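# Overview (structure and organization)
What follows is each chain in one-letter form.
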Amino acid sequence: MFELQDGSDLSANPCEGTTEYCVISSEGDITIPSGFVCSRKTLITSAGNIYITPDFTNEDSSDACILLANGDINIEDGLSGTEDVHYDVIQALLIAGNNIVIEEDTSGDGLIVEGGLIAFGSEDTGISNIIDNRTISWGYRNSYPVIAVNNSAKYGLISKDIFGSQVEIFKLEIGFKPY
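In this text the structure is predicted, and so the values were computed from the model without any measurement. (Residues numbered from 1 in each chain as written. Predicted model: local features only at pLDDT ≥ 70, side-chain atom pairs only at ≥ 80, totals over all residues. Heavy atoms only, no water.)

A few words now on the overall build of the chain. In terms of helices and strands, the chain carries two helices and 16 strands. Sorting the 179 residues of the chain into buried and exposed places 42% on the buried side. Long-range contacts, defined as pairs at least 24 residues apart, comprise 49% of the intrachain contacts of the chain with a sequence gap of at least 6. Accessible surface, the chain: about 9,700 Å² in total, of which carbon and sulfur atoms supply 51%. (Helix = DSSP H or I, 4+ residues; strand = E, 2+ residues; numbered from the N terminus. Buried < 20%, exposed > 50% of the residue type's maximum accessible area, 1.4 Å probe, protein only. Contact = heavy atoms within 4.5 Å. Areas by Shrake-Rupley, 256 points an atom, 1.4 Å probe, with all protein chains shown as cover.)

The structure is reproduced here in structure tokens:
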């Protein structure tokens, strides 16, 4: 497990070596810059907020990152842009204790999340919030979504390995042995 200092950024992936899983954690906020590449099965946790500047990708199809923030996850303005519709990419499962806030993109890019978005909501209202501030130009709105989420089963399998299975926990509580 790698403990980051408050306000740290992940400009370089500290998960080097041969282990199959990696855990990165911080008591403060985490900033993930554009171009970050997830190079193994990784859990990134923050007791504060997580700030992501797209693109955030996986090195290959077996790699996957789960981002878990006690506060908000903020997806910031991507660095790319064209006159045609373009998508900023985040290949991760994002889980926020409060809100997932998708900031406006000055280039008019949409967002594709290959993983998932889960927000447990504001402490004040208890309402689950995924707040989208992005828009794409009028010419593309009939053909292209502003946000596309492509769920992948690999995040569920990795979640089971990292957090355990609800079914096994339930069975253990009533005395059933899972072997």
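Looking now at the confidence of the model for the chain. Here the chain averages 80 in pLDDT, while 75% of its residues score no lower than 70. Within the chain, strand β1 (residues 2–4) has the poorest average pLDDT of any element, 51, and strand β10 (residues 73–75) the best, 96. Scored below 50 in pLDDT, residues 169–173 shows two contacts in the model against residues more than four places distant or in partner chains. (pLDDT = per-residue confidence, 0-100.)

A covalent bond between the sulfur atoms of two cysteines is referred to as a disulfide. Enumeration according to the criterion identifies one disulfide in this entry. Disulfide pairing is shown between C38 and C65; the S-S distance is 2.1 Å. Here the S-S torsion is close to 100 degrees, and the disulfide linking C38 with C65 is therefore right-handed. Residue C38 is found in strand β5 (residues 36–38), and its partner C65 is found in strand β9 (residues 64–69); the two are separated by 27 residues along the sequence. Of the two residues examined, C38 and C65, each falls in the buried class. (Disulfide = S-S within 2.5 Å.)

For strand β6 (residues 41–46), the tally of buried residues reaches six of six residues, placing the bulk of the element in the interior. Here β6 shows no split at all, with K41, L43 and T45 on one side and T42, I44 and S46 on the other all buried. Bridge count between strand β3 (residues 21–26) and β6: six bridges; the pairing is parallel. In the sheet register, S25 faces β6, and the bridge partner there is T45. (Pairing = 2+ DSSP bridges.)

Take R134: it is sitting in the loop between β15 (129–132) and β16 (147–151). With a relative accessible area of 4%, R134 lands in the buried category. Here the side chain of R134 touches E76 through a polar contact of 3.1 Å, landing on its backbone oxygen. Side-chain polar atoms of R134 contact the backbone oxygen of D109, separated by 3.3 Å. (Polar contact = N/O pair within 3.5 Å; in protein donor to acceptor, adjacent residues only side chain to side chain.)

This part takes up the pattern of salt bridges. Under the definition given, this model contains two salt bridges. D88 is the partner of R134 in a salt bridge, and the nearest nitrogen-oxygen pair spans 2.8 Å. Of the two residues, R134 sits in the loop between β15 and β16 while D88 sits in strand β11 (residues 87–90), which places them 46 residues apart along the sequence. The same class applies to R134 and to D88, which are both buried. (Salt bridge = Lys/Arg side-chain N within 4 Å of Asp/Glu carboxyl O.)

Of all hydrophobic cores here, the largest spans 25 residues; its most connected members are I32, I52, F56, L67, L94 and I100. For this core, the element with the most residues is strand β14 (residues 110–119), which contributes four residues. In this view, F56 contacts I32, F36, C38, C65, L67, V89, I90, Q91 and A92; residues no more than four positions away in its chain are not counted. Among the nonpolar cores identified, the runner-up in size contains seven residues, and L43, L93, I95 and I158 belong to it. (Core = buried A, V, L, I, M, F, W, Y, C linked by side-chain atoms within 4.5 Å.)

The next thing to look at is unusual backbone geometry. The peptide bond linking P54 to D55 adopts the cis configuration, its omega dihedral lying at 10 degrees. Within the secondary structure, D55 sits in the loop between β7 (50–52) and β8 (56–58).

Among the residues making up helix α1 (residues 153–163), those that are buried are Y155, I158 and S159. Projection of α1 onto a plane perpendicular to its axis shows the buried side chains occupying an angular sector of 110 degrees, all on one side. Turned more than 90 degrees away from the buried face of α1, the exposed residues are A153, L157 and D161. Elements that come into contact with the buried residues of α1 comprise β3, β6, β8, β9, β12 (93–96) and β14. Positive phi shows up at G164, right after α1, with a value of about 95 degrees. (Arc of directions from axis to C-beta.)

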